[in-house]
Amino acid sequence: MSNKMWGGRFGESPDAIMEEINASVGFDKRFAPQDIRGSKAHARMLAKQGIIASADADQIVAGLEAIEGEIEAGSFEFSRALEDIHMNIEARLKENIGEPAGRLHTARSRNDQVATDFKLYMRDTVDHLDTQLRALQEALLAKADAHAETVMPGFTHLQTAQPVTFGHHCLAYVEMTARDRGRFADARKRLNESPLGSAALAGTSFLIDRQMTAEALGFDGPTRNSLDAVSDRDFVLETLSAAAIAAIHLSRLAEELVIWVTPGFNFVRLPDSLTTGSSIMPQKKNPDAAELVRAKTGRVIGGLTTLLVVMKGLPLAYSKDMQEDKEAAFDALDALSLCIAAMTAMVARLEVNEANMREAAAKGFSTATDLADWLVRALGLPFRDAHHVTGTLVAKAEAKGCDLDGLTLAEMQEVEPRITDEVYGVLGIDNSVKSRTSFGGTAPDNVRAMAAYWQKALIQETKS
Ligand code: ARG
């Protein structure tokens, strides 16, 4: 039997391999709630415009609601022969209410239908991701506040650079997450236009009211060009781009956690419940969740890459290539959501090993810059000269096998006679972080103020 939805001009039914490559219902069944929502809005609009009878629209709406119930209850039978979620639902509607079901597809095509479903789905997904990212920010802020004074080594090139506070490090990720949320919000703004009523590609000869369906579905208004509306997947690409950037942020933090929990560092402890053991080495406690956050970033970037490649050669308007947009996007966004949840749990429950962080912060001549700055301030040396003097002192300390404050005043004066014992005041790591009071710097007071700034911003966000 040829396809009952489009088989009129076909003499034979699709080959098994055609059915297999063509079917999308296996994955686009996720769109069921959005598809039903869109169809209800469309049916009501058709009735209001006098395109179909009100009684038919009532039956269609009631029939769609019944199908929604079947899908929720798990009793709906999805059929691959019916290709996709759109035709599965319509075919079931036909079984349930008969002839009026065939009127639903007036002035509509699966091309505008799928674009509408996907936008509705993306909107919900972006909202959910935003809620999750906010929770991550809250977890980071709690740690930032609690560790405004906890000194750790700050790194460049993963080499000890200058002491920073752990709170400051947490706040760096609050900033990144804020930008991620901004990117998602921006993508959401642009995606919120309704393609419904663009039909296959050219619009329709029926006197439809696109404003009405747009409003019913919570869109800001209808799209302005039917060709663009059915062939546009920018809203997926933008969301996936934002997702990829968010994922690499999580991956960087995950990488830091992996480093921080190694016995060599031992900066933080993850709870047993968020780690795993080894089946052979009894002593092991592995940061698998962090490693998987790091690895799943590949899926997110991969999803974006997939869709960029799918779209890059498509002439206007719709091509079936575009059916390949969904699995990549679902996989990427599911992975991101899981990663945010896992990272939030790890941040919230990690314990900081303050003593080890401190000890590491004092090593590696981390206050060398403070010494150079002191030479500038106290002795009036040009910074370049101060840098050179400090470098010589570092070499001296290294040869002696001590830190900078392990050099005697006499040893320092061999390099620069004007040095006084006041210098020891800047060689300590606490003084070092306390002195970094420039806006955005790591000083504990700054960290507390910045944590308060973000806490207030999040509260304000809830109110507005
Ligand atoms: N399942 C299709 C997709 O995901 C729906 C649109 C089909 N349109 C068409 N002209 N065959 O893209």
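Above this text you will find the structure in question.
**Side note on the pairing of strand S1 (residues 151–156)**
Piece 1. Inspection of the sheet shows S1 paired to strand S2 (residues 159–165) by six bridges, in the antiparallel sense. By the bridge assignment for S2, Thr156 is matched with Gln159.
Piece 2. Between the antiparallel neighbours S1 and S2 lie two residues, among them His157 with a positive phi of about 55 degrees.

**Concerning the packing of aromatic side chains**
Working definition: an aromatic ring pair is given by the centre-to-centre distance plus the angle between the planes.
Piece 1. Under the defined criterion, the tally for this structure stands at 11 aromatic pairs.
Piece 2. Residues Phe118 and Phe330 carry aromatic rings whose centres are separated by 6.2 Å and whose planes lie at 65 degrees to one another, so their mutual orientation is edge-to-face. With a gap of 212 residues between them, Phe118 in helix H6 (residues 110–146) and Phe330 in helix H12 (residues 325–349) connect regions that are remote in the sequence. When sorted by exposure, Phe118 lands in the same class as Phe330, which is buried.
Piece 3. Members of the aromatic cluster, each reached through a chain of ring pairs, are Phe31, Phe118, Tyr121, Phe235 and Phe330.
Piece 4. The aromatic ring of Phe330 is capped on one face by Arg30, whose charged end is 4.3 Å from the ring centroid.
Piece 5. Above the ring of Phe219, the side-chain terminus of Arg123 is found at 5.1 Å from the ring centroid.

**Some points on the packing of helix H14 (residues 368–379) against helix H15 (residues 383–400)**
Piece 1. As a packed pair, H14 and H15 sit with axes 8 Å apart at the nearest point and diverge in direction by 135 degrees. Judged by the angle between their axes, H14 and H15 are oblique. Of the two possible hands of crossing, H14 and H15 adopt the one that is right-handed. Each of Ala368, Leu371, Ala372, Asp373, Leu375 and Val376 in H14 lies in contact with H15, whose residues at this interface are Phe383, Ala386, His387, Val389, Thr390, Leu393 and Val394.
Piece 2. In terms of residue class, the contact of H14 with H15 is built from 10 nonpolar, two polar and one charged.

**Considerations on the site of the ligand**
Piece 1. Neighbouring the ligand are Ser24, Asp28, Asp84, His86, Arg110, Asn111, Val114, Tyr318, Lys320, Gln323 and Lys326.
Piece 2. Within the side chain of Tyr318, one N or O atom sits 2.4 Å away from an oxygen atom of the ligand.
Piece 3. Within the side chain of Lys326, one N or O atom sits 2.5 Å away from an oxygen atom of the ligand.
Piece 4. Contact with the protein chains removes 86% of the 340 Å² of surface that the ligand exposes when unbound.
Piece 5. Considering each element in turn, the shell around the ligand owes the most residues, three residues, to H6.
Piece 6. Of the residues belonging to the shell around the ligand, the class tally is two nonpolar, four polar and five charged.

**Topic: a nonpolar patch on the surface**
Piece 1. On the surface, a cluster of nonpolar side chains totalling about 340 Å² of accessible area is made up of Ile17, Met18 and Ile21.
Piece 2. For Met18, the position within the fold is in helix H1 (residues 16–22).
Piece 3. Taking the relative accessible area as the measure of exposure, Met18 reaches 40% and is therefore partly exposed.

**Side note on helix H11 (residues 288–311)**
Given 3.6 residues per helical turn, the α-helix brings residues three or four places apart onto the same face.
Piece 1. A rise of 1.5 Å per residue sets the reference length of H11, with its 24 residues, at 34 Å; its end C-alpha atoms lie 35 Å apart and thus fit the reference within 8%.
Piece 2. When H11 is considered as a whole, its buried residues turn out to be Ala290, Val293, Thr297, Val300, Gly303, Leu304, Leu307, Val310 and Met311.
Piece 3. Of the surrounding elements, those touching the buried residues of H11 are helix H9 (226–231), helix H10 (234–260) and H12.

**Quick word on the side chain of Asp232**
Piece 1. On the secondary structure map, Asp232 appears in the loop between H9 and H10.
Piece 2. Among buried Asp, Glu, Lys and Arg side chains, Asp232 stands out as unpaired, with Lys119 the closest opposite charge at 4.4 Å.
Piece 3. Within the structure, the side chain of Asp232 is placed 2.6 Å from the backbone nitrogen of Asp234, a separation counted as a polar contact.
Piece 4. In this structure, Asp232 is in contact with Lys119 and Met322, ignoring residues within four places of it in sequence.

**Considering the packing of H11 against H12**
Piece 1. Between H11 and H12, whose axes approach to 8 Å, the crossing angle comes to 155 degrees. Taken together, H11 and H12 sit at an angle that is classed as roughly antiparallel. Classified by chirality, the crossing of H12 by H11 is left-handed. Side by side, H11 and H12 meet where Ala289, Ala290, Val293, Lys296, Arg299, Val300, Gly303, Thr306 and Leu307 of the first sit next to Asp325, Ala328, Asp331, Ala332, Ala335, Leu336, Leu338, Cys339, Ala342, Met343 and Met346 of the second.

**With respect to unusual backbone geometry**
Piece 1. Note the cis peptide between Leu316 and Ala317, where omega equals 5 degrees.
Piece 2. In this fold, Ala317 is placed in the loop between H11 and H12.
Piece 3. Phi at Ala107 takes a positive value of approximately 60 degrees, unusual for a residue other than glycine.
Piece 4. Within the secondary structure, Ala107 sits in the loop between helix H5 (85–97) and H6.

**Things to note about the nonpolar core**
Within soluble globular proteins, side chains that are nonpolar tend to cluster in buried spots.
Piece 1. Core analysis: the biggest nonpolar cluster contains 93 residues, and Phe118, Phe184, Leu336 and Met343 have the highest contact counts within it.
Piece 2. Sorting elements by how many residues they give to this core places H10 first, with 16 residues.

What counts, and at which threshold
- Residues numbered from 1 in each chain as written.
- Predicted model: local features only at pLDDT ≥ 70, side-chain atom pairs only at ≥ 80, totals over all residues.
- Heavy atoms only, no water.
- Pairing = 2+ DSSP bridges.
- Helix = DSSP H or I, 4+ residues; strand = E, 2+ residues; numbered from the N terminus.
- Phe/Tyr/Trp six-rings, centres within 6.5 Å; stacked < 30°, edge-to-face > 60°.
- Buried < 20%, exposed > 50% of the residue type's maximum accessible area, 1.4 Å probe, protein only.
- Lys NZ or Arg CZ within 6 Å of the ring centre and 35° of its normal.
- Axes fitted to C-alpha atoms, helices over the stretch in contact; angles between N-to-C directions.
- Parallel < 35°, antiparallel > 145°, perpendicular 65-115°, else oblique.
- Left-handed = near helix turned anticlockwise from the far one by under 90°.
- Contact = heavy atoms within 4.5 Å.
- Nonpolar A, V, L, I, M, F, W, Y, C, P; charged D, E, K, R; others polar.
- Near = heavy atom within 4 Å.
- Polar contact = N/O pair within 3.5 Å; in protein donor to acceptor, adjacent residues only side chain to side chain.
- Areas by Shrake-Rupley, 256 points an atom, 1.4 Å probe, with all protein chains shown as cover.
- Patch = residues over 30% accessible without salt bridge, like charges linked within 9 Å, V, L, I, M, F, W, Y side chains within 5 Å.
- Salt bridge = Lys/Arg side-chain N within 4 Å of Asp/Glu carboxyl O.
- Expected span 1.5 Å × (residues − 1).
- Lys, Arg positive; Asp, Glu negative; His and termini not counted.
- Core = buried A, V, L, I, M, F, W, Y, C linked by side-chain atoms within 4.5 Å.

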